[in-house]
Amino acid sequence: IGPLDKDLLEQAKVRHDQLTKPLGSLGVLEDMGSRLAAIYGTVKPKVTGKGVVVFAADHGVTESGVSAYPKAVTEQMVLNFLRGGAAISVLSKTNNVDMMVVDVGVDADFPEHPNLLKRKVARGTKNMLEQPAMTHEEVQQALGVDIEVANLMIDKGINLLAAGDMGIGNTTAATAIISVMTDTSVRELTGRGTGVDDAGLQRKIDVIEKAIALHQVKKEEVLELLRCVGGLEIAAMTGFYLASAARCVAIVLDGFISHAAALVATSLNSNVKDYLFASHTSHNPIHRKRLELLEVEPIFNFSLRLGEGTGAVLAMPVIESVANILSDMATFAEAGVSEAS
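Cut-offs used in this document
Every chain is numbered on its own, with residues counted from 1 as its sequence reads. Restriction of local features to residues with pLDDT of at least 70 applies here, the model being predicted, together with a cutoff of 80 or more for giving and counting side-chain atom pairs; totals for whole chains, interfaces and linings are based on all residues. Think of the side-chain values as coming from all heavy atoms in the structure, minus any hydrogens and water. A run of H or I in DSSP counts as a helix once it spans at least four residues, and a run of E counts as a strand once it spans at least two, with each numbered from the N terminus. Here the term buried applies to any residue with accessible area under 20% of the maximum for its type, exposed to any over 50%, and partly exposed to those in between, with areas from a 1.4 Å probe on protein chains only. Contacts are assigned to residue pairs with any non-hydrogen atoms lying within 4.5 Å of each other. Ring pairs shown here join Phe, Tyr and Trp side chains whose ring centres sit within 6.5 Å, with only the six-membered ring taken for Trp; geometry is labelled stacked below 30 degrees between planes, edge-to-face above 60, and tilted in between. Whether a charge sits over a ring depends on NZ of Lys or CZ of Arg being within 6 Å of the ring centre and within 35 degrees of the ring normal. Pairing between strands is defined by DSSP: at least two bridges between them are needed.

**Notes on the environment of Cys 248**
Next, step 1: Here Cys 248 shows up in the loop between helix H10 (232–246) and strand S5 (250–253).
Next, step 2: Overall, Cys 248 belongs to the partly exposed group, its relative accessible area being 38%.
Next, step 3: Spatially, the C-alpha atoms of Cys 248 and Leu 143 are 18 Å apart, while their sequence positions differ by 105 residues.
Next, step 4: Ignoring sequence-local partners within four residues, the contact set of Cys 248 consists of Ile 39, Tyr 40 and Tyr 275.

Following this line, the structure appears as C-alpha coordinates:
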(Lines give C-alpha, C1' and ligand atoms only; values in the text may rest on other atoms or scores of the structure.)
Protein backbone atom coordinates (compact mmCIF):
# COMPACT_ATOMS: atom_id res chain seq x y z
CA ILE A 1 0.00 0.00 0.00
CA GLY A 2 1.75 3.10 -1.21
CA PRO A 3 1.21 6.79 -0.51
CA LEU A 4 -0.93 8.87 -2.84
CA ASP A 5 0.63 10.41 -5.96
CA LYS A 6 1.51 14.00 -5.02
CA ASP A 7 1.62 15.04 -8.70
CA LEU A 8 -1.98 13.91 -9.17
CA LEU A 9 -3.04 15.73 -6.01
CA GLU A 10 -1.56 18.92 -7.45
CA GLN A 11 -3.07 18.32 -10.92
CA ALA A 12 -6.50 17.87 -9.37
CA LYS A 13 -6.11 21.10 -7.41
CA VAL A 14 -5.18 22.94 -10.62
CA ARG A 15 -8.26 21.50 -12.35
CA HIS A 16 -10.49 22.58 -9.44
CA ASP A 17 -9.17 26.13 -9.90
CA GLN A 18 -10.06 26.01 -13.62
CA LEU A 19 -13.69 24.95 -13.08
CA THR A 20 -16.54 27.45 -13.50
CA LYS A 21 -16.73 28.65 -9.90
CA PRO A 22 -14.89 31.09 -7.64
CA LEU A 23 -11.59 29.74 -6.36
CA GLY A 24 -12.01 27.42 -3.40
CA SER A 25 -15.79 27.92 -3.30
CA LEU A 26 -16.52 24.23 -2.80
CA GLY A 27 -14.46 24.20 0.38
CA VAL A 28 -13.46 20.82 1.78
CA LEU A 29 -15.19 19.07 -1.13
CA GLU A 30 -12.28 20.19 -3.29
CA ASP A 31 -9.77 18.53 -0.97
CA MET A 32 -11.86 15.37 -1.01
CA GLY A 33 -12.00 15.45 -4.80
CA SER A 34 -8.25 15.85 -5.11
CA ARG A 35 -7.74 12.85 -2.86
CA LEU A 36 -10.18 10.78 -4.93
CA ALA A 37 -8.23 11.73 -8.06
CA ALA A 38 -5.00 10.51 -6.48
CA ILE A 39 -6.63 7.29 -5.24
CA TYR A 40 -8.16 6.48 -8.63
CA GLY A 41 -5.13 7.67 -10.62
CA THR A 42 -6.89 10.27 -12.78
CA VAL A 43 -7.83 13.96 -12.55
CA LYS A 44 -11.31 12.96 -13.73
CA PRO A 45 -12.27 10.36 -11.10
CA LYS A 46 -15.46 8.33 -11.36
CA VAL A 47 -17.23 6.14 -8.80
CA THR A 48 -17.93 3.00 -10.83
CA GLY A 49 -19.84 1.25 -8.07
CA LYS A 50 -20.67 1.55 -4.38
CA GLY A 51 -20.61 -1.32 -1.91
CA VAL A 52 -20.97 -2.06 1.79
CA VAL A 53 -20.01 -5.31 3.50
CA VAL A 54 -21.58 -6.01 6.89
CA PHE A 55 -19.34 -8.32 8.94
CA ALA A 56 -21.16 -10.27 11.64
CA ALA A 57 -19.78 -12.17 14.64
CA ASP A 58 -20.63 -13.02 18.22
CA HIS A 59 -18.63 -12.10 21.33
CA GLY A 60 -17.96 -14.29 24.34
CA VAL A 61 -17.76 -11.24 26.59
CA THR A 62 -21.57 -10.99 26.44
CA GLU A 63 -21.49 -13.67 29.15
CA SER A 64 -20.32 -10.91 31.50
CA GLY A 65 -23.46 -8.80 31.04
CA VAL A 66 -22.04 -5.95 28.93
CA SER A 67 -25.04 -5.57 26.61
CA ALA A 68 -28.71 -4.75 27.03
CA TYR A 69 -29.52 -7.29 24.29
CA PRO A 70 -28.98 -11.06 24.31
CA LYS A 71 -26.39 -12.66 22.04
CA ALA A 72 -29.18 -14.16 19.89
CA VAL A 73 -29.84 -10.70 18.42
CA THR A 74 -26.72 -11.03 16.24
CA GLU A 75 -28.28 -13.98 14.40
CA GLN A 76 -31.70 -12.32 14.26
CA MET A 77 -30.31 -9.09 12.81
CA VAL A 78 -28.34 -10.93 10.12
CA LEU A 79 -31.62 -12.49 8.99
CA ASN A 80 -33.22 -9.04 9.10
CA PHE A 81 -30.45 -7.65 6.88
CA LEU A 82 -31.05 -10.40 4.34
CA ARG A 83 -34.83 -9.85 4.36
CA GLY A 84 -34.29 -6.14 3.68
CA GLY A 85 -35.78 -4.96 6.97
CA ALA A 86 -32.78 -3.28 8.61
CA ALA A 87 -31.68 0.34 8.30
CA ILE A 88 -28.58 -0.64 6.31
CA SER A 89 -30.75 -2.66 3.92
CA VAL A 90 -33.08 0.28 3.28
CA LEU A 91 -30.29 2.85 2.94
CA SER A 92 -28.28 0.61 0.61
CA LYS A 93 -31.28 0.12 -1.66
CA THR A 94 -32.13 3.83 -1.58
CA ASN A 95 -28.59 4.89 -2.52
CA ASN A 96 -27.89 2.14 -5.06
CA VAL A 97 -25.23 0.52 -2.87
CA ASP A 98 -24.41 -3.17 -3.30
CA MET A 99 -24.78 -4.79 0.15
CA MET A 100 -23.21 -8.07 1.23
CA VAL A 101 -23.34 -9.74 4.64
CA VAL A 102 -20.43 -11.91 5.77
CA ASP A 103 -20.81 -14.40 8.60
CA VAL A 104 -17.30 -14.42 10.00
CA GLY A 105 -18.20 -15.66 13.47
CA VAL A 106 -21.90 -15.87 14.34
CA ASP A 107 -22.92 -18.63 16.74
CA ALA A 108 -25.63 -19.84 14.36
CA ASP A 109 -26.08 -21.48 10.98
CA PHE A 110 -27.77 -19.57 8.19
CA PRO A 111 -29.66 -20.73 5.10
CA GLU A 112 -28.18 -19.97 1.69
CA HIS A 113 -28.81 -16.43 0.44
CA PRO A 114 -27.37 -14.54 -2.56
CA ASN A 115 -26.31 -11.63 -0.33
CA LEU A 116 -24.72 -13.80 2.36
CA LEU A 117 -21.15 -15.07 2.31
CA LYS A 118 -20.43 -17.82 4.81
CA ARG A 119 -16.85 -17.53 6.05
CA LYS A 120 -17.23 -18.57 9.69
CA VAL A 121 -13.88 -18.68 11.48
CA ALA A 122 -15.38 -19.68 14.85
CA ARG A 123 -18.76 -19.56 16.56
CA GLY A 124 -17.91 -16.30 18.29
CA THR A 125 -14.93 -15.25 20.38
CA LYS A 126 -13.97 -16.43 23.84
CA ASN A 127 -14.71 -14.22 26.85
CA MET A 128 -11.84 -11.70 26.95
CA LEU A 129 -12.32 -11.41 30.71
CA GLU A 130 -11.06 -14.97 31.12
CA GLN A 131 -8.73 -15.66 28.16
CA PRO A 132 -7.69 -14.17 24.80
CA ALA A 133 -10.73 -13.60 22.60
CA MET A 134 -9.11 -15.41 19.65
CA THR A 135 -6.25 -17.69 18.79
CA HIS A 136 -3.42 -16.54 16.51
CA GLU A 137 -4.83 -18.75 13.76
CA GLU A 138 -8.33 -17.25 14.09
CA VAL A 139 -6.97 -13.70 13.76
CA GLN A 140 -5.01 -14.61 10.64
CA GLN A 141 -7.96 -16.46 9.14
CA ALA A 142 -10.33 -13.53 9.76
CA LEU A 143 -7.85 -11.11 8.16
CA GLY A 144 -7.51 -13.41 5.17
CA VAL A 145 -11.24 -13.96 4.70
CA ASP A 146 -11.87 -10.32 4.23
CA ILE A 147 -9.04 -9.75 1.84
CA GLU A 148 -10.99 -12.25 -0.24
CA VAL A 149 -14.24 -10.32 0.30
CA ALA A 150 -12.68 -6.98 -0.69
CA ASN A 151 -11.31 -8.49 -3.88
CA LEU A 152 -14.71 -10.02 -4.64
CA MET A 153 -16.44 -6.64 -4.40
CA ILE A 154 -13.72 -4.77 -6.31
CA ASP A 155 -13.69 -7.34 -9.10
CA LYS A 156 -17.40 -6.54 -9.61
CA GLY A 157 -16.41 -2.98 -10.54
CA ILE A 158 -16.98 -1.37 -7.13
CA ASN A 159 -14.44 1.29 -6.19
CA LEU A 160 -16.14 2.99 -3.22
CA LEU A 161 -16.37 0.61 -0.27
CA ALA A 162 -17.48 0.59 3.36
CA ALA A 163 -17.49 -1.99 6.12
CA GLY A 164 -20.42 -2.33 8.50
CA ASP A 165 -20.69 -4.44 11.62
CA MET A 166 -23.12 -6.59 13.55
CA GLY A 167 -22.21 -8.27 16.81
CA ILE A 168 -23.77 -7.96 20.25
CA GLY A 169 -20.90 -7.06 22.59
CA ASN A 170 -18.68 -5.51 19.93
CA THR A 171 -18.64 -2.03 21.45
CA THR A 172 -16.93 -3.64 24.46
CA ALA A 173 -14.21 -5.09 22.22
CA ALA A 174 -13.84 -1.87 20.23
CA THR A 175 -13.61 0.21 23.41
CA ALA A 176 -10.82 -1.99 24.76
CA ILE A 177 -8.86 -1.65 21.50
CA ILE A 178 -9.33 2.11 21.22
CA SER A 179 -8.57 2.70 24.91
CA VAL A 180 -5.17 1.01 24.61
CA MET A 181 -4.32 2.50 21.21
CA THR A 182 -5.25 6.08 22.12
CA ASP A 183 -4.10 6.09 25.77
CA THR A 184 -7.64 7.07 26.77
CA SER A 185 -9.21 5.91 30.02
CA VAL A 186 -11.89 3.26 29.70
CA ARG A 187 -14.35 5.33 31.73
CA GLU A 188 -13.94 8.32 29.43
CA LEU A 189 -14.39 6.19 26.33
CA THR A 190 -17.11 3.72 27.26
CA GLY A 191 -20.61 4.37 25.95
CA ARG A 192 -23.91 2.66 26.61
CA GLY A 193 -23.68 0.68 23.37
CA THR A 194 -27.12 -0.83 22.78
CA GLY A 195 -28.53 1.13 25.72
CA VAL A 196 -27.40 -0.35 29.03
CA ASP A 197 -28.57 1.33 32.23
CA ASP A 198 -26.27 2.96 34.81
CA ALA A 199 -25.49 -0.36 36.52
CA GLY A 200 -24.86 -1.98 33.16
CA LEU A 201 -22.55 0.84 32.11
CA GLN A 202 -20.47 0.46 35.27
CA ARG A 203 -20.33 -3.31 34.76
CA LYS A 204 -19.17 -2.75 31.18
CA ILE A 205 -16.41 -0.37 32.32
CA ASP A 206 -15.27 -2.85 34.98
CA VAL A 207 -15.15 -5.70 32.44
CA ILE A 208 -13.08 -3.71 29.94
CA GLU A 209 -10.65 -2.46 32.59
CA LYS A 210 -10.16 -5.97 33.97
CA ALA A 211 -9.66 -7.45 30.49
CA ILE A 212 -7.01 -4.86 29.60
CA ALA A 213 -5.26 -5.47 32.93
CA LEU A 214 -5.40 -9.24 32.40
CA HIS A 215 -3.75 -9.26 28.98
CA GLN A 216 -1.26 -6.39 29.47
CA VAL A 217 -0.84 -5.77 25.73
CA LYS A 218 1.00 -2.65 24.55
CA LYS A 219 -0.50 -0.45 21.85
CA GLU A 220 2.43 -1.19 19.55
CA GLU A 221 1.45 -4.88 19.54
CA VAL A 222 -1.68 -4.29 17.47
CA LEU A 223 -2.34 -7.82 16.27
CA GLU A 224 -1.84 -9.21 19.76
CA LEU A 225 -4.20 -6.54 21.09
CA LEU A 226 -6.73 -7.54 18.44
CA ARG A 227 -6.33 -11.20 19.41
CA CYS A 228 -6.76 -10.65 23.14
CA VAL A 229 -9.62 -8.16 23.32
CA GLY A 230 -10.94 -7.82 19.78
CA GLY A 231 -13.59 -9.53 17.71
CA LEU A 232 -13.72 -11.65 14.59
CA GLU A 233 -15.64 -8.96 12.70
CA ILE A 234 -13.16 -6.28 13.81
CA ALA A 235 -10.27 -8.43 12.54
CA ALA A 236 -12.20 -8.97 9.33
CA MET A 237 -12.83 -5.25 8.88
CA THR A 238 -9.10 -4.62 9.42
CA GLY A 239 -8.22 -6.99 6.58
CA PHE A 240 -10.94 -5.42 4.44
CA TYR A 241 -9.45 -1.93 4.85
CA LEU A 242 -5.94 -3.15 4.07
CA ALA A 243 -7.05 -5.02 0.95
CA SER A 244 -9.18 -2.13 -0.30
CA ALA A 245 -6.30 0.33 0.04
CA ALA A 246 -3.98 -2.10 -1.72
CA ARG A 247 -6.40 -2.16 -4.66
CA CYS A 248 -6.56 1.69 -4.75
CA VAL A 249 -10.19 1.91 -3.66
CA ALA A 250 -11.70 4.72 -1.59
CA ILE A 251 -12.89 3.57 1.86
CA VAL A 252 -15.74 5.16 3.82
CA LEU A 253 -15.60 4.74 7.59
CA ASP A 254 -18.76 4.24 9.60
CA GLY A 255 -18.76 4.67 13.39
CA PHE A 256 -17.19 3.30 16.55
CA ILE A 257 -16.45 -0.28 15.47
CA SER A 258 -15.05 0.79 12.11
CA HIS A 259 -12.74 3.25 13.87
CA ALA A 260 -11.27 0.46 15.99
CA ALA A 261 -10.55 -1.60 12.86
CA ALA A 262 -9.16 1.45 11.03
CA LEU A 263 -6.80 2.25 13.92
CA VAL A 264 -5.44 -1.30 13.72
CA ALA A 265 -5.14 -1.15 9.92
CA THR A 266 -3.35 2.21 9.92
CA SER A 267 -1.00 0.99 12.64
CA LEU A 268 -0.04 -1.90 10.36
CA ASN A 269 0.43 0.46 7.38
CA SER A 270 0.18 4.22 7.88
CA ASN A 271 -0.53 4.80 4.16
CA VAL A 272 -4.03 3.38 4.67
CA LYS A 273 -5.00 6.80 6.11
CA ASP A 274 -4.82 8.31 2.63
CA TYR A 275 -7.66 6.08 1.43
CA LEU A 276 -10.07 6.77 4.32
CA PHE A 277 -13.08 9.10 4.27
CA ALA A 278 -14.95 9.62 7.55
CA SER A 279 -18.71 9.64 7.13
CA HIS A 280 -19.77 11.19 10.41
CA THR A 281 -18.94 12.33 13.92
CA SER A 282 -20.85 13.20 17.06
CA HIS A 283 -20.65 15.77 19.85
CA ASN A 284 -18.50 13.33 21.84
CA PRO A 285 -14.96 14.80 21.99
CA ILE A 286 -13.52 11.28 22.08
CA HIS A 287 -15.06 10.64 18.67
CA ARG A 288 -13.23 13.69 17.35
CA LYS A 289 -9.97 12.45 18.91
CA ARG A 290 -10.26 9.13 17.07
CA LEU A 291 -10.78 10.91 13.75
CA GLU A 292 -7.79 13.15 14.43
CA LEU A 293 -5.61 10.07 14.97
CA LEU A 294 -6.84 8.72 11.64
CA GLU A 295 -6.25 12.17 10.07
CA VAL A 296 -9.71 12.32 8.49
CA GLU A 297 -12.47 14.94 8.58
CA PRO A 298 -16.12 13.87 9.02
CA ILE A 299 -18.66 14.72 6.34
CA PHE A 300 -21.67 15.21 8.64
CA ASN A 301 -23.00 14.92 12.20
CA PHE A 302 -26.47 13.39 12.49
CA SER A 303 -25.93 12.01 16.03
CA LEU A 304 -25.86 8.48 14.63
CA ARG A 305 -24.98 5.50 16.84
CA LEU A 306 -26.43 2.56 14.97
CA GLY A 307 -23.49 0.95 13.19
CA GLU A 308 -24.23 -1.56 10.42
CA GLY A 309 -22.50 0.80 7.94
CA THR A 310 -25.44 3.21 7.91
CA GLY A 311 -23.40 6.42 8.24
CA ALA A 312 -20.95 5.29 5.57
CA VAL A 313 -23.72 4.52 3.08
CA LEU A 314 -25.35 7.91 3.73
CA ALA A 315 -22.01 9.60 2.93
CA MET A 316 -21.46 7.75 -0.35
CA PRO A 317 -23.62 10.05 -2.53
CA VAL A 318 -21.62 13.04 -1.27
CA ILE A 319 -18.33 11.36 -2.19
CA GLU A 320 -19.70 10.33 -5.58
CA SER A 321 -20.81 13.94 -6.17
CA VAL A 322 -17.31 15.16 -5.35
CA ALA A 323 -15.85 12.84 -7.99
CA ASN A 324 -18.40 14.01 -10.58
CA ILE A 325 -17.53 17.66 -9.97
CA LEU A 326 -13.95 17.02 -11.06
CA SER A 327 -14.86 14.75 -13.96
CA ASP A 328 -17.99 16.42 -15.38
CA MET A 329 -17.93 20.12 -14.49
CA ALA A 330 -16.83 22.50 -17.27
CA THR A 331 -13.72 24.66 -17.10
CA PHE A 332 -13.91 28.39 -17.84
CA ALA A 333 -12.30 27.74 -21.24
CA GLU A 334 -14.72 24.93 -22.12
CA ALA A 335 -17.79 26.94 -21.12
CA GLY A 336 -16.66 30.23 -22.65
CA VAL A 337 -17.03 31.96 -19.29
CA SER A 338 -14.70 34.80 -18.36
CA GLU A 339 -12.40 34.13 -15.42
CA ALA A 340 -11.87 36.57 -12.56
CA SER A 341 -9.20 39.17 -13.21
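There is more to say, and it comes next.
**A short note on the packing of aromatic side chains**
Next, step 1: Tallied over the entire structure, the rule returns three aromatic pairs.
Next, step 2: When the centroid spacing of 4.2 Å and the interplanar angle of 20° are considered together, the rings of Phe 300 and Phe 302 count as stacked.
Next, step 3: Taken together, the aromatic side chains of Phe 55, Phe 240 and Tyr 241 make up a single cluster linked through ring pairs.
Next, step 4: One Lys or Arg, Arg 35, reaches over the ring of Phe 277 and ends 4.0 Å from the middle of that ring.

**Side note on the pairing of strand S4 (residues 160–166)**
Next, step 1: Counting buried residues along S4, seven of its seven residues qualify, which places the element largely inside the surrounding structure.
Next, step 2: Here S4 shows no split at all, with Leu 160, Ala 162, Gly 164 and Met 166 on one side and Leu 161, Ala 163 and Asp 165 on the other all buried.
Next, step 3: Examined bridge by bridge, strand S1 (residues 50–57) and S4 share seven bridges and lie parallel to one another. Opposite Phe 55, over in S4, you have Asp 165 as the bridge partner.
Next, step 4: Examined bridge by bridge, S4 and S5 share three bridges and lie parallel to one another.

Limitation: the analysis is restricted to geometry and does not speak to function.
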